[in-house]
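This is what each chain is made of:
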Amino acid sequence: MTPTLSPAHADAIRRIVADLKDRPGPLLEVLHAVQAALGYVPDGAVTLVAQGLNLSRAEVHGVVTFYHYFRRTPPGKHVVSLCRAEACQSMGADALAEHAKRKLGVDFHETTADGEFSLEPVFCLGNCACSPAAMVDGRLYGRLSPEGFDAMLATEQGRKE
Amino acid sequence: MTVTVYVPRDASALSVGAAHVAEAISKEASARGVELRLVRNGSRGAFWLEPLVEVVTPKGRLGYGPVKAADVPSLFAADFLNGGQHPLALGVVDSIPWLASQQRLTFARVGIVDPTSVADYVANDGYQGLRRALAQSPQAIVQAVLDSGLRGRGGAAFPTGIKWKTVLEQPAGQKYITCNADEGDSGTFSDRMLMEGDPLALIEGMTIAGIAVGATQGYIYLRAEYPHAYRALNHAIAAAYQARYLGNDVMGSGKRFDLEVRLGAGAYVCGEETSMLESLEGKRGEVRVRPPLPAIKGLFGQPTIVNNVMTLGSVPIILHKGADFYKDYGMGKSRGTLPLQLAGNIKRGGLVERAFGVTLRELLYDYGGGSATGRPIRAVQVGGPLGAYIPASQFDVAIDYEALAGIGALLGHGGIVVFDDTVDMARMARYAMEFCAVESCGKCTPCRIGSTRGVEVIDRILGGVESERNVRQLEELCELMLQGSLCGLGGMTPFPVTSALKHFREDFRPRRPLKQAS
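Not measured: the values here are computed from a predicted model. (Residues numbered from 1 in each chain as written. Chains lettered and ligands numbered in written order. Predicted model: local features only at pLDDT ≥ 70, side-chain atom pairs only at ≥ 80, totals over all residues.)

Another point: the overall build of chain A. In terms of regular secondary structure, chain A is built from seven helices and five strands. Shown N-terminal to C-terminal, the secondary structure of chain A runs as helices and strands in the order α-α-α-α-β-α-α-β-β-β-β-α. Summarising its shape, the C-alpha atoms of chain A cover approximately 50 × 30 × 30 Å along the three principal directions. Here chain A, with 161 residues, has 40% of them falling under the buried criterion. The contacts of chain A with a sequence gap of at least 6 include a subset with a gap of at least 24, amounting to 60%. (Helix = DSSP H or I, 4+ residues; strand = E, 2+ residues; numbered from the N terminus. Buried ≥ 20, exposed ≤ 12 C-beta atoms within 10 Å, placed from the backbone. Contact = placed C-beta atoms within 7 Å.)

Pasting the structure below:
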């Protein structure tokens, strides 16, 4: 079964491909642009991108699935990336992860029922002297206690677009 | 006179509230009708003092930190703009012993200058290296890098000058300078700090490399987890083009060098150079079989320099001050300085740039002040997730490529992650295998399958299933991964595992099976 795309998504993807296809080695750039525009890389994008870049669908699918950063399902309104690497572990990241899962009621790679937050693991945010760390929609947080985590969610939820 | 105030825009400083502090200072100043010039600098790297606010006074730059937004009214009340006394006052920042005792060459400007300003960069010795390089022959530039003893700071420690010489000797044609800014090791943030705090140093280093080997195009391969560095680099590149330090007539020399940033997408293995090149070409980041070396057949099949941010960021000062100046720092075959990163459970974490030869103990206790929790330090992991765990009995080892190799450890990218005595080393060993399984590119079997088997074997040991036999099995598996993997991911994952087994064997006792981590 061919995955379907909304006409708006298909148009956006075609425009991105047309803009970037002449750059050297453009596939990653195209996928970044698609994810930036749509929030994720829909399965239906694979065919369009493959056609536009003169690649096989297998090649495009292979790249989408190789990289952890590309998501194939729509994210929640906010993406919370919690660092799971060693420096954060040394400062209680495992306990913080348990707290985050309880608080949000989801596991990693899942989105809350109200669609507000997606919880993702990440391996190092380069904030290792202020561990444990998390990133929400590109904003970095450090020295996170469980209370700090809750305050972070409240701040992000209250943020006006 | 308008007073200048510095509040960092470094991502780590922002993560603990620097943006709120900057905003509060602006607001309070306008409420009081005080004029001030607010500069958003990089971080000095003393992260336990962040957000660190600095005020320019006749006595020098005075520091206040760590400042919370709520402290700002009291800072104004204490007349901090004229260096007034306050409980958070730190005195002259350059005189804080933690900073004053460092030897900052690569980080000379980080935290000092406005990273968005070419003029500020030039006023602080910026572009002196490129100026000198343009007056020399390509061979002489490469010779200077060779003579400086600079070795690849990404971890492999290969002499940088030899890579450059190889690319220089390839027939003329399209060549590339690529910068590996896929700083994925936990416990490392020096690349990020430089790219955010002094991005023009990296840009100048890459331009010098391009002039040296005849490459007209550069790419910075930056990890997607660093959005702040992405903005800082793009801003600095645009400014450098504007001021004609990049483009078709670099500093009026008639020579061309173009530069752009490409984003990775969350694959640790893309820090391996051939995998990074695949990724830059828009492909899966699978490791290439070498030979051919990237210096001969690299990006798009052309001769390519692949260097780390710290390596390229050290090039300007080598060209500016000369190979001997740089080489005079260091010990043995490890020349120059190394920006080390103190991370994890450490009281005074941050960036410490010192000449090679400083001991691990000095870093952990003199700079670091011991653990953040106040408990004894039990283990440190040096060199990222593929680095060995070092026990307290070996803390007198010198930071030097050969000395660390001598105790079965490695320096890697200079990250030092500290653990107190509550750490469960069997769990850390299991994590190393688990991380390798998640991040393996899948091309070679020892890494792809070995890491998954490694997790299972450790689970059996801890579950009390034939523990002795399974410990031997784990050791054999590690040997196989070490010998048989295509690249460092599978080939070095055994280091944390076997070092944990060797130094912390008591943690590998049978217990209830571990809960599956994420």
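From this point, the discussion proceeds with the structure in view.
Our focus in this paragraph is the domain arrangement of chain A. Under the domain assignment used here, chain A contains domain 1 (7-66) and domain 2 (78-158). Domain 1 of chain A and domain 2 of chain A are separated by 29 Å when their C-alpha centres are compared. (Domains from an automatic or database assignment.)

The next subject is the domain arrangement of chain B. All names here are of chain B. We note that the domain assignment places domain 1 (3-95), domain 2 (118-327), domain 3 (330-420) and domain 4 (425-508) within chain B. Placing the centre of domain 1 and that of domain 3 at their C-alpha centroids yields a distance of 30 Å. Taken together, the contact between domain 1 and domain 3 spans four residues of the former and five residues of the latter. The residue makeup of the side of domain 1 that touches domain 3, split by class, is three nonpolar, one polar and no charged. (Nonpolar A, V, L, I, M, F, W, Y, C, P; charged D, E, K, R; others polar.)

In sheet architecture, strand pairing relies on hydrogen bonds along the backbone and comes in two forms, parallel and antiparallel. Residue and element names in this part refer to chain B. Within the open sheet, the five strands sit side by side as β2-β1-β3-β4-β5. Their pairing is mixed. Looking at which strands have only one partner, the edges of the open sheet turn out to be β2 (36-39) and β5 (89-92). Across this sheet, the average inter-strand angle for adjacent strands is 25°, counted without regard to direction. As defined by bridge partners, strand β4 (residues 60-64) adjoins β5 across three bridges and the pair is classed as antiparallel. Paired with G63 across the two strands is G91, which belongs to β5. Sitting on the sheet, helix α2 (residues 18-31) touches β1 (3-6), β2 and β3 (53-57), and the angle it makes with β2 is about 170°. (Pairing = 2+ DSSP bridges. Axes fitted to C-alpha atoms, helices over the stretch in contact; angles between N-to-C directions.)

A few words now on the packing of helix α7 (residues 138-148) of chain B against helix α8 (residues 160-169) of chain B. All names here are of chain B. Running from N to C, α7 and α8 point in directions that differ by 160°, and their axes come no closer than 7 Å. Overall, the two elements α7 and α8 adopt an arrangement that is roughly antiparallel. Crossing angle aside, the handedness with which α7 passes α8 is left-handed. Along its contact with α7, which presents P138, V142, V145 and L146, the element α8 presents T160, G161, I162, W164, K165 and L168. The class makeup of the residues in the contact of α7 with α8 is seven nonpolar, two polar and one charged. (Parallel < 35°, antiparallel > 145°, perpendicular 65-115°, else oblique. Left-handed = near helix turned anticlockwise from the far one by under 90°.)

Looking now at the interface of chain A and chain B. On the side of chain B, 47 residues touch chain A, which itself brings 38 residues to the contact. Partitioning the side of chain A that touches chain B into residue classes produces 25 nonpolar, 10 polar and three charged.

Of all hydrophobic cores here, the largest spans 217 residues; its most connected members are A:C83, B:A209, B:A212, B:L222, B:L233 and B:V380. Contact partners of B:V380, with chain neighbours within four places excluded, come to B:L360, B:L364, B:I390, B:I416, B:V417, B:V418 and B:F419. (Core = buried A, V, L, I, M, F, W, Y, C linked by C-beta atoms within 7 Å.)

Turning our eyes to something else, we now look at the sheet that holds strand β4 (residues 134-136) of chain A. All names here are of chain A. Taken together, five strands build an open sheet; the order of strands is β2-β3-β1-β4-β5 and the sheet is mixed. Two strands close off the open sheet at either side, each with one partner strand: β2 (110-111) and β5 (139-141). Of the strands in this sheet, β1 (78-83), β3 (117-122), β4 and β5 are in contact with helix α7 (residues 146-158), which crosses β4 at around 15°.

Attention shifts here to the environment of A:R84. Counting through the fold element by element, A:R84 comes out in the loop between β1 and α5 (86-89). Taking C-alpha positions, A:R84 is 9.7 Å from A:L96, a pair spaced 12 residues apart along the chain.

For the bond from B:R290 to B:P291, the omega torsion is -5°, close enough to zero to count as cis. Take B:P291: it is sitting in the loop between α12 (273-280) and β9 (304-308). With a phi close to 60°, A:N54 is a non-glycine residue in the positive phi region. Inspection of the secondary structure puts A:N54 in the loop between α3 (45-53) and α4 (57-66). When the 8 C-beta atoms within 10 Å are taken as the criterion, A:N54 is described as exposed. With a phi close to 50°, A:D137 is a non-glycine residue in the positive phi region. Within the secondary structure, A:D137 sits in the loop between β4 and β5. A residue is classified by how many C-beta atoms lie within 10 Å of it, and A:D137, with 13 of them, is partly exposed.

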